[in-house]
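Breakdown of the fold
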Amino acid sequence: MAFQPIVDIRTGSIFAYEALVRGTEGQSAGEVLSGIEPDMIYKFDQACRVKAIELAGSLFAADGDAKLSINFMPNAVYEPNACIRASLSAARRVGFDPGRLMFEFTENEQMVDVAHVRHIIEAYQARGFTTAIDDFGAGYAGLGLLADLRPDMLKIDMALIRGIDSSASRRTIVASVVRMAEDLGIRCIAEGIETAAELRTLREIGVRLCQGYLLSRPTVEALPSPALAAVPAATA
C-alpha cells in the first residue's frame, strides 16, 4: 500500500492520507487489479482494507486527527456490519482509532443496488466513519447517485480538474458542484492536481481540500509530507 496526502490548503494541515494499492514493482492499482481473478476480487478488496489499517497503526501519529481514506467496491459489501468486522478487528489489533476511517466508494463497477449502497453509507455514518463518493463527474458517479446516497464527502474527478485554469467550462462546472455540495452539507475534495495554476484556480473557486502529484506523489508504506510551497498564498 502507498499513501498520498489530502491537504487542507487553507491551513496546510493533512486532512487525510489515502491508501492506494501498488504492485511490488510499482504497478498501479489498475494494473494490480487486472491480474486478480474475478472470483477473488472481493476477497482482495477486503485484504487491502485490512492491510491499509495495519500500516496506519504504525505510521499515523496516535494523537493526530488525520483520517485514513480507504477505497472499496460497494458491491463487495453484502452486509455492512458483517463486512466491517475485519477492518474493526485490524484497527483494534494495531491501536488505530476507527473514528479516523474514511471510506471512498469506488466506481470500477456500476452500483447494481443503490438502496443497498445507501444502507452501507448510513451504517458506516452511524459508526462514526466518514464516507465519500470517489471520481465524481466520471463514469457512474453522477448527480443521481449523489441525490440517493448523501455521503459526507465528494471527490471531484481529475478529468474536471485537469486544465481548469484555462477552461471556462471546467471552472463553471466545478464551481457549481462546490456550491451544490455546500448546500447539501457535503465537503469537496479536488483530486489529480498537477499544476500550481490548477491549485490556484481551485482556491479561488473555494475548494479547500486538495490532492495530487503537485502536493505529493504516493509513497509506499510511508506518509509523505506535502509540498506546501506549491500552495498559493491567500489573497485579501
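The structure contained in this document is the topic of the report that follows. All values reported here derive from a predicted model rather than from experimental measurement.

Some points on the pattern of salt bridges
This structure, assessed with the given rule, holds 7 salt bridges. A salt bridge links Lys155 to Glu18, with the nearest nitrogen and oxygen atoms 3.0 Å apart. Taken as a pair, Lys155 in strand S6 (residues 153–156) and Glu18 in strand S2 (residues 13–20) lie far apart in primary sequence, 137 residues in all. Each member of the pair, Lys155 as well as Glu18, carries the same accessibility label: buried. Residues Glu191 and Lys155 are paired through a salt bridge, measuring 3.6 Å at the closest nitrogen-oxygen approach. Taken as a pair, Glu191 in the loop between strand S7 (187–190) and helix H9 (196–205) and Lys155 in strand S6 lie far apart in primary sequence, 36 residues in all. Residue classification places Lys155 among the buried residues on the basis of a relative accessible area of 0%. A network of salt bridges, in which partner residues are shared, links Glu18, Glu104, Lys155 and Glu191.

Here we look at helix H8 (residues 168–183)
With 16 residues, H8 should reach 22 Å at 1.5 Å per residue; the first-to-last C-alpha distance of 23 Å fits that figure. Those residues of H8 lying buried are Val174, Ala175, Val177, Val178 and Ala181. Angularly, the buried residues of H8 cover 160° about the axis, an arc narrow enough to put them on a single face. The exposed residues of H8 that point more than 90 degrees off its buried face are Thr172 and Asp183. On its buried face, H8 is in contact with strand S5 (130–136), S6, helix H7 (158–161), S7 and H9. Backbone geometry just after H8 places Gly185 at a positive phi near 75°.

Remarks on the pairing of strand S3 (residues 67–72)
Side-chain direction in a regular strand flips from residue to residue, so the side chains alternate between the two faces of the sheet. Taking burial as the measure, the 6 residues of S3 include 6 buried ones, the bulk of the element. As paired strands, S2 and S3 are joined by 4 bridges and run parallel to one another. What sits directly across from Ala19, in S3, is Ile70.

A closer look at the side chain of Thr131
Note on placement: Thr131 falls in strand S5. Within the structure, the side chain of Thr131 is placed 3.3 Å from the side chain of Gln125, a separation counted as a polar contact. In this structure Thr131 touches Phe103, Phe105, Ile121, Tyr124, Gln125, Pro151, Asp152 and Met153, once residues within four positions along its chain are discounted.

What to know about the environment of Ala123
Within the secondary structure, Ala123 sits in helix H5 (residues 114–126). According to the relative accessible area criterion, Ala123 is buried, its value standing at 12%. Considered as a pair, Ala123 and Gly26 are 97 residues apart in the sequence and their alpha carbons are 35 Å apart.

Rules behind the numbers
- The residue numbering used here restarts from 1 in each chain and proceeds along that chain's sequence as written.
- Only residues with pLDDT of 70 or above have their local features reported here, since the model is predicted, and side-chain atom pairs are shown and tallied only from 80 upward, although totals for entire chains, interfaces and linings are computed over all residues.
- Computation of side-chain values covers all heavy atoms of the structure but excludes hydrogens and water.
- Salt bridge criterion: a side-chain nitrogen from Lys or Arg within 4 Å of a carboxyl oxygen from Asp or Glu.
- Comment: elements are numbered from the N terminus, with helices defined as DSSP H or I runs of at least four residues and strands as E runs of at least two.
- For the exposure calls, accessible area comes from a 1.4 Å probe over protein chains only, and a residue counts as buried if that area is under 20% of its type's maximum, exposed if over 50%, partly exposed in between.
- Helices are assigned an expected span. That span is 1.5 Å times one less than the residue count.
- Note: the arc covers the axis-to-C-beta directions of the helix.
- Two residues qualify as a contact provided that any one of their heavy atoms is within 4.5 Å of a heavy atom in the partner residue.
- Each pair of strands is called paired provided DSSP finds at least two bridges between the two strands.
- Contacts described as polar in this section are N or O atom pairs within 3.5 Å, which, within protein, must combine one atom able to donate a hydrogen with one able to accept it, while residues neighboring in sequence count only if both atoms come from side chains.

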